[in-house]
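Read off the chains here:
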Amino acid sequence: MNNLKLGVEVASAHDLMAKDGQGSASPYVELHFDHQKFRTTVKEKDLDPYWNETFYFTISDPKNLANLTLDAYIYNNAKGNNTKSFMGKVHIHGTSFVPYSDAVVFHYPLEKRSIFSRVKGELGLKVFVTDNPSIRSSNPLPQMDTHSHGRNETKDSRRTFHHLPNSNSNFHQPQFPAQQPYIATGSQPQPYAYGLEDMRSQNQNQNQSQSQPRVVRMYSGSSSQPLEYALKETSPVLGGGQVIGGRVVSGDNRRASTYDLVEQMQFLFVRVVKAQDLPSMDVTGSLDPYVEVRVGNYKGVTQHFSKTSNPEWNVVFAFSRERMQATVLDVVVKDKDTLKDDFVGIVRVNLHDIPTRVPPDSPLAPEWYRIEDKKGEKKKGELMLAVWMGTQADEAFPDAFLADAAMSSVDGSVSSMYTRSKVYHSPRLWYVRVNVIEVQDLVWGEKTRFPDVYVKVQINNQVLRTRPVQARSGNALWNEEMMLVAAEPFEDHLILTIEDRMGPNKDEALGKVFIPLNAVERRADDRVIHPRWFNLQDPSDHDVDEKKKDHKFATRLHLRVCLDGGYHVLDESTQYSSDLRPTAKQLWKPSIGILELGILNASALLPMKTRESRGTTDAYCVAKYGHKWVRTRTVPDSSAPKFNEQYTWEVYDPATVLTVGVFDNSQLENDSGNNPKDVRIGKIRIRISTLETGRVYTHSYPLLLLQPSGVKKMGELHLAIRFSSTSMMNMMYMYSRPLLPKMHYVRPLTVVQLEMLRHQAVGIVAARLSRAEPPLRREIVEYMTDANSHLWSMRRSKANFFRLMSVFNGVFAVSKWFGEVCLWKNPITTVLVHVLFVMLVSFPELILPTVFLYMFLIGLWNYWFRAQYPPHMNTRLSYADAVNPDELDEEFDTFPTSRNPDLIRHRYDRLRSVAGRIQSVVGDIASQGERVQGLLSWRDPRATLIFMMFCLVAAFVLYATPFQVLVTVAGFYVMRHPRFRHRLPSAALNLFRRLPARTDIML
C-alpha cells in the first residue's frame, strides 16, 4: 500500500502587490499537485498575510515523483464581482522535495504568468515528503478548471527550483512513529557508474598497452621553472583506447567501457568461503584453523578460529597477474599453534583452468574442494572456494585483500583494514546562530557584591563567551550574536552556562541551559526567528534529557537560536574551495557537469621509511572534491605503485578545485602502539574552470613538497582527467551568478568569523572521517584542506608581494613606454602617437570601441598560444627555490612556538624590520592623501589662497575654451620635446610638496 504523501505548509507571504484599487488586497493560495488542488483561507486587506496552514497530497505514483511539480498560485479575492485576480505563482520541481527532517520554510520569489503580468513579493512554503500512514490526505477541492489555467501553462515563464534528492532518507515526521523508509527510485537522476560494469579484459589490448610508446611533452609553466619540476603530457592506452592530444582513439575490437580512464589490471581472485569436517591434528581433538593462500612467493592469510572444525571466513584475496610466475594455486589449511602451526590439508588449483569473469556477469558460484595431504592423497574435510580471473572493475576488488610479498610480515586483518580503497562523505555542516539577549532573576551566592556575569556558549570543544555585564538588579542585557558549527546527525547539545567572574581565573557557574540541536529551528533565508525564554537548570545538574520537576530555579535566559542553512560552511581555504553550495538542500541547483578522475600510477617515489634495513614506501592517494573524499588502495613496498582506480564527481560550479594528495601509509607495522602519522608525499590542485569540456588530460604531475630543508621533488603522479558538461547554457549562466550563496551577501560574516568557523569545521570533518574504517586520519584532512594556511610565513609573504608586482608589470611597462614617447626616444613613434591622440580627441566616440576592439584582438591572439595543460605547482611563484632556511624553519614551527628564546628574539627583530619598512610606506601614502585634503583646509593659508585663485581662473578658462582644445593642449604639453623640458620640478608639484601633513603632530 502506498502511504507516500507530499506535505505543504503555507506559511506566509510578504510585500504583495495591491490589487483592489485601495492600496491593499485579500490574498489566498491555491496549491496544484498531481491533479489535486487545495486552497487556503482568504486574508482580508493584508499585503503581508500569515496562513500557517498545512495540506497533504496523495502521490499516486512514487516512481514518477521526480517528474511531478508543485504549483502555488496567489490570487486576490474580489468580493464585489466574485472574481479572482492573479498575484503571482511559484513552481517547484519534484527533485526539490526533501524529507521532513530536512525541510525548512523557504521564501520563494513570485513569478509572472506572462510578460505582461505585474508581480512582486515572496511566498513562504515548507515542502516535504512523508510516508507516515497516520497522516491522512487533505480533502481536495473540485477538479481545477482547465480553461483558466491550462491555456496559459504552456506560455508561462517558469522558474524551477532543483536539488539532488536524498534517496536514502526516511520520509517521515519525527512526532509520529517511525515507518519503513521509502526509497524514491524514480526521483533520482541516472547514476554515473565508476568501476563496476562494462569492463572487458583483452590480452591483446594489454599487450598493446605495454608495446605502445608513451608520448611525453614537457611543460614547465614558466621559463624560470626547473625542468625536473615540469609537467609531462603522456599518451597512455586506457580502457577506452589510446589518448592522443586529449582525444581517446578506440581500437576496432575495443568495447565501450565506463572504466575508460585507467589501464586494465588483471587479478587472480580467490574467495575462501568456509570449511567443514576438518580433521584435528591435536591429541586433545581441538582445532584452530586458518587458511593460507599462496601463488608463488605471494600469499594471503585469513584469521584463525578457535576450537572449530567448521569455520567460515568469506574473505577474498587478489593477486596481481603481472607478478604471478607460478602455474598452481595452493590453498593450505593450517592449525594455529603456539610454537609451530600444524599442517591440516591443501587444495591445489591449476591456474590454466581458471575461468575469466567480466562484469556485469553474476558472481562465480563457490565449489567444494576435498583437501589433500602433502603426498596428494585425499583426506577428510572440504574447503569451499571460488577462483576466477578478473580486473579492478570486479565487485569483489574494493573489499579484497591484495596479497603481496611486502605484506607477508603483516597481520592480514590489520593490512586489509588499512589498505583498502574507500569512498567517504564528509558530514553536512550547519552554522548555529545564537543570539544571547538577556537574563532575568539571577540567583548568586555572595549577596555583598553585584555579580559580573557572562554567558558561555558551547558545542563540544567550541566555546564562545559574551562580554561581562554587572547585574545590579538581578538582570543583565547583552544582545550579542555568536556563530558556531554543527554537523549532521545532530547528536550534540548546545550548552549555555551563566558564569559569575569573581576574580582572575575564578568563575562560578550560576545556571545552565541544554538545548538539543535536533530541536533547533532551521531556516534557509534571513527570515526573523522569534526568541524564546529558557529556564536555567542548577549548575550542578548534568542531566540533559530529563527536566527538573521539583527543584525551583527561577532564572530565565532569553535566546534566539537557529540553524542557518543559507550559508556555505567553509571547511577549506577559500582560494581552493571544492564546493560552494549552501547547506539547505532546497537551495541546491542542478549539476552542470561530471568530473572523472583516473588515478593511474606514481613513479620515482622516494623512500619514506625503513623496513628490513632498506628504504620503502607504502603509497596511497586521497582525492577530495565537494563532500566526497576517495582513498585508493595502498600499494606496499613500491616506488612505482600502480593504482588504476577511477572516480566520478558531479560539478555544480566551475570555479572549484579538485585536490589530490599522495601519502605514505604508516599503519601497517604499528606494533608499538604509538599511533604514527601518515607521511605526506605531495599534493596536486586542478581548477575545474581551466579544463576544456570533453577533453581527456593525461599528465604526469611532479609531487613537490616543501620541507624544512627546502623544496623537494618526491616523485610523480600520473592522472587522467575529463570534465564533461551536461548543459553548456547552465555552465555559462553560472559565470553570472554570485560565487557564494545569497546569505553571504544579505547577512555577511566578518573575515575573523569565517576564519574561526573554518577552523572549527575542519576539526569536525577530521573527527568524523577519522572514525571511519579505514580511517581518514586528521593529518590527511588538515593537509588536503590547508588548515594552517592562515599562519604567518615570510616565504608566502614575499611570494604574494612578487605576485602583486607581476600584476602591475603591464602598467609599469606602459608607463615606461609612454615616458619614452614623451622623451622622443623614437621620433617616428612619438609622431604617430601624436596623430592617434589628435584623432581620438577629434572623434571621442571612437575611444571605447577602440579599447574593446583592441582587447578582443589581444584575446584572439592569445588563443593560439593558450596553455594546453592544467596549471601545476610553480616553485618560483611560491618563492620556494630561493627561501632562507631560517624562514623555512619559522614556517614549520608550531603554534605557539617551540623554539629557543634567542632564535625567537632574532625572528622578532627581523619581523620588526620588515614591519618598519611597511610602516614607512603606509605613512608616506597617508601623507600624500593629507596634502590633498590640505589644499582647501586652510592649514597653510597662503597655499590654500594660491590654490583657490588657480581654481577660479581655471573655471573661467575651462568654461570659455572647448573641451577638445584643452585635452589636445594638455596632451601636447605632456608629450613635448625634451628641448622644452626642465630638470626642476613643476610649480604645481612644488606647491603640493609644501602642503602640510599630520606627521608633525604625531608622537
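What counts, and where the lines are drawn
Residues numbered from 1 in each chain as written. Predicted model: local features only at pLDDT ≥ 70, side-chain atom pairs only at ≥ 80, totals over all residues. Heavy atoms only, no water. Phe/Tyr/Trp six-rings, centres within 6.5 Å; stacked < 30°, edge-to-face > 60°. Helix = DSSP H or I, 4+ residues; strand = E, 2+ residues; numbered from the N terminus. Buried < 20%, exposed > 50% of the residue type's maximum accessible area, 1.4 Å probe, protein only. Salt bridge = Lys/Arg side-chain N within 4 Å of Asp/Glu carboxyl O. Pairing = 2+ DSSP bridges. Axes fitted to C-alpha atoms, helices over the stretch in contact; angles between N-to-C directions. Parallel < 35°, antiparallel > 145°, perpendicular 65-115°, else oblique. Contact = heavy atoms within 4.5 Å. Expected span 1.5 Å × (residues − 1). Arc of directions from axis to C-beta. UniProt positions renumbered as here; feature names shortened; annotations may be inferred.

### Some thoughts on the packing of aromatic side chains
- Counting across every chain of the model gives 27 aromatic pairs.
- With a centroid separation of 5.6 Å and 70° between ring planes, the pair formed by F33 and F57 is classed as edge-to-face. Residue F33 is found in strand 2 (residues 27–33), and its partner F57 is found in strand 4 (residues 50–58); the two are separated by 24 residues along the sequence. In terms of burial, F33 and F57 fall into one category: buried.

### Quick word on the pattern of salt bridges
- A complete count under the given rule lists 57 salt bridges for this structure.
- Across the pair R633 and E645 runs a salt bridge whose closest N-O atoms are separated by 3.1 Å. Here R633, found in the loop between strand 40 (628–631) and strand 41 (642–651), pairs with E645, found in strand 41; they are 12 residues apart in sequence, far enough to count as distant. The burial state of R633 is the same as that of E645; both residues are buried.

### Thoughts on the sheet that holds strand 40
- Read across the sheet, five strands follow the order 25-40-39-42-43 without closing on themselves; strand pairing throughout is antiparallel. The two strands at the open ends of the sheet, each matched to only one other strand, are strand 25 (422–425) and strand 43 (679–687). Ignoring which end each strand starts from, the neighbouring axes of this sheet average 15° apart.
- For strand 39 (residues 619–625) and strand 40, the ladder comprises four bridges, and the chain directions are antiparallel. Its bridge partner being in strand 40, V622 is matched across the sheet by R631.

### Observations regarding the packing of helix 8 (residues 794–807) against helix 9 (residues 809–822)
- With their axes 4 Å apart at the nearest point, helix 8 and helix 9 run at an angle of 45° to one another. Relative to helix 9, helix 8 is oriented oblique. On helix 9, the residues touching M805, S806 and V807 of helix 8 are N809, G810 and F812.

### So, unusual backbone geometry
- With omega at -5°, the peptide bond leading from E488 into P489 counts as cis.
- Among the structural elements, P489 can be located in the loop between strand 30 (476–487) and strand 31 (493–503).
- Put simply, F895 and P896 share a cis peptide bond, and its omega is 0°.
- With respect to the helices and strands, the residue P896 is situated in the loop between helix 12 (885–891) and helix 13 (901–933).
- The phi dihedral of N314 is positive, around 55°, even though this residue is not glycine.
- Examined against the element boundaries, N314 turns out to sit in strand 19 (residues 312–320).
- Exposure remark for N314: the relative accessible area of 45% places this residue in the partly exposed category.
- For N644, which is not glycine, the phi dihedral falls at a positive 50°.
- As for its placement among the helices and strands, N644 is situated in strand 41.

### Describing helix 8
- In a regular helix each residue adds 1.5 Å, so 14 residues correspond to 20 Å; helix 8 covers 20 Å between its end C-alpha atoms and thus fits that length.
- Looking at helix 8, one finds that the buried residues are M794, R795 and A799. Buried residues in helix 8, looked at end-on, bunch into an arc of 135°, giving them a common side.
- In the core, the buried residues of helix 8 are packed alongside strand 44 (696–707), helix 12 and helix 13.

### Overview of helix 6 (residues 751–769)
- Given a rise of 1.5 Å per residue, 19 residues ought to cover 27 Å, and the 27 Å separating the end C-alpha atoms of helix 6 matches this to within 8%.
- At its buried positions, helix 6 is contacted by strand 25, strand 26 (429–440), strand 28 (462–465), strand 30, strand 40 and helix 7 (778–785).

### Here's the deal with the UniProt feature "transmembrane region" (unreviewed entry) in the protein
- Under the local residue numbering, the UniProt record ascribes the feature "transmembrane region" (unreviewed entry) to residues 846–864 and 945–974.
- Note that residues 945–974 is 93% helix and 0% strand, and that its end C-alpha atoms are spaced 26 Å apart.

### Examining the pairing of strand 5 (residues 69–78)
- Of all 10 residues that make up strand 5, seven are buried, and the element is covered over most of its length.
- The sheet contact formed by strand 2 and strand 5 spans six bridges and is antiparallel. Bridge pairing in strand 5 places P27 opposite N76.
- Pairing of strand 5 with strand 6 (residues 83–93), which is carried by 10 bridges, proceeds in the antiparallel orientation. Along strand 6, the bridge assignment pairs Y75 with F86.

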